[in-house]
Amino acid sequence: MKHFDTDHGLTFKFQTEVADALAEGQPVVALESNVITHGLRYPHNIAAAQDIEAAVRANGAVPATIFIEDGAIVYGSDPQRLERYATSDGIPKVSSRDLPFVLANRSPGATTVASSLICAQWAGIPIFSSAGIGGVHRGAQDNMDVSADLIQFTRSRVTTVCAGAKMILDLPLTLEFLETHCVPLVAYKSDDFPAFFCETSGLKCPQRMDDPHSIARAINLHAASGAPGGVVVTVPPRPEDAIPTQVAEDALATALKRAESANIVGPGLTKFLMRQLEEATGGQTARANAAVLISTASAAAEIAVALAADTP
Ligand code: PSU
Ligand code: MN
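In this text, all values refer to a predicted model and were calculated from it rather than measured experimentally.

On to the pattern of salt bridges, then. The final tally for this structure, using the stated rule, is 15 salt bridges. The closest approach of N and O atoms between Lys189 and Glu302, which form a salt bridge, is 3.9 Å. With Lys189 in the loop between β10 (185–188) and β11 (208–209) and Glu302 in helix α13 (residues 284–310), the pair connects residues that are 113 residues apart, well separated along the chain. Here Glu302 falls in the partly exposed class, since its relative accessible area comes to 27%. In this structure, Asp191 engages Arg208 in a salt bridge whose closest nitrogen and oxygen atoms are separated by 3.2 Å. Of the two residues, Asp191 sits in the loop between β10 and β11 while Arg208 sits in strand β11, which places them 17 residues apart along the sequence. Each of Glu69, Asp78, Arg81 and Arg84 takes part in a single network of salt bridges with overlapping partners.

Quick look at the site of ligand 1 now. Lining the immediate environment of ligand 1, one finds 15 residues, of which Glu32, Val113, Ser147, Asp149 and Lys166 sit closest. Side-chain polar atom of Glu32 to an oxygen atom of ligand 1: 2.7 Å apart, as the coordinates give it. Within the side chain of Ser147, an N or O atom sits 2.7 Å from an oxygen atom of ligand 1. For ligand 1, whose accessible area on its own is 470 Å², the fraction buried by protein is 90%. Elements that contribute at least two residues to the shell around ligand 1 include exactly α2 (34–39) and α8 (148–152). Taken together, the residues of the shell around ligand 1 break down into four nonpolar, seven polar and four charged.

All right, on to the pairing of strand β1 (residues 2–5) then. Consecutive residues of a regular strand have side chains that alternate between opposite faces of the sheet. Two strands pair when backbone bridges link them, and β1 and strand β2 (residues 11–14) are joined in this way by four bridges, in the antiparallel orientation. The partner of Phe4 across the bridge, within β2, is Phe12. Hairpin connection between β1 and β2: a loop of five residues separates the two successive antiparallel strands, and Gly9 in this loop has a positive phi of roughly 95°.

Looking at the protein chain, the pLDDT average stands at 95 and 100% of residues meet or exceed 70. Across the assembled chains, the prediction reports ipTM 0.95 with pTM 0.96.

Conventions adopted
Residues numbered from 1 in each chain as written. Chains lettered and ligands numbered in written order. Predicted model: local features only at pLDDT ≥ 70, side-chain atom pairs only at ≥ 80, totals over all residues. Heavy atoms only, no water. Salt bridge = Lys/Arg side-chain N within 4 Å of Asp/Glu carboxyl O. Helix = DSSP H or I, 4+ residues; strand = E, 2+ residues; numbered from the N terminus. Buried < 20%, exposed > 50% of the residue type's maximum accessible area, 1.4 Å probe, protein only. Near = heavy atom within 4 Å. Polar contact = N/O pair within 3.5 Å; in protein donor to acceptor, adjacent residues only side chain to side chain. Areas by Shrake-Rupley, 256 points an atom, 1.4 Å probe, with all protein chains shown as cover. Nonpolar A, V, L, I, M, F, W, Y, C, P; charged D, E, K, R; others polar. Pairing = 2+ DSSP bridges. pLDDT = per-residue confidence, 0-100.

See below:
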């Protein structure tokens, strides 16, 4: 591990492999840890985290999973840390606004998309991969539940590669929000805005590109334009991993009713709905989730390789 203290009081700890790759300008892909603590169940979460890292490596980049621990931001996993985060019930989900408090308290935390983007930018990692981004929740017209992930895209100059957003969210409103906030959005080798593990969302992405070098060029031009924030790249699920949309919708209808009667709102809602879907589909959604994580991580690594080669 290599330690760095910044003049501003932040502490970074890098796995040697990550520090070396960054120092040499080699491609690195940042990854979130909330999917380990809150996204998937033990032991599937450990297996998925290892498979995601392997997919990044197989496509030529170095994975940097981000953890908050003992007042520091840690880049890169090791077997002990992975086991600890995967088995702990008490490690909280840390979004962007929670970061200063968790760091100040020196308590452990698992990063969401939003907080991972902040941490990635601090370390100079230009690209981040997640399976599903947070979005505008169903019923947001009344409850205003809009993920901080969407706001963070307008602030951090880091590219996010994802499989769109889960159908538990309101996907048309999520797309509207991204448009209003000028977030550059492009589908990789697809026309659709993907609905995570569903076959299709029925919605189109505003842009399509089929070549990682074209995407790298767009990322560099976005930065050169001086516009704030980062590009969002969507990757469709492989057809063999996708779940029929109606199966997921039926399970969700029940899950949403249960969430309402149990008064589950706010940061715990995503996890509650995911667990309900998993039970209702006999584990189908969790298996699809793991598969989608791998296809997004592979695409992120391809784009990271192009970006490392093409960035002026
Ligand atoms: N989407 C998923 N699974 C997840 C999340 C999103 O399919 O676990 C997590 C991600 O870490 C994402 C966060 O950044 O939930 C968004 O939470 P919220 O909607 O509370 O902002
Ligand atoms: Mn929310």
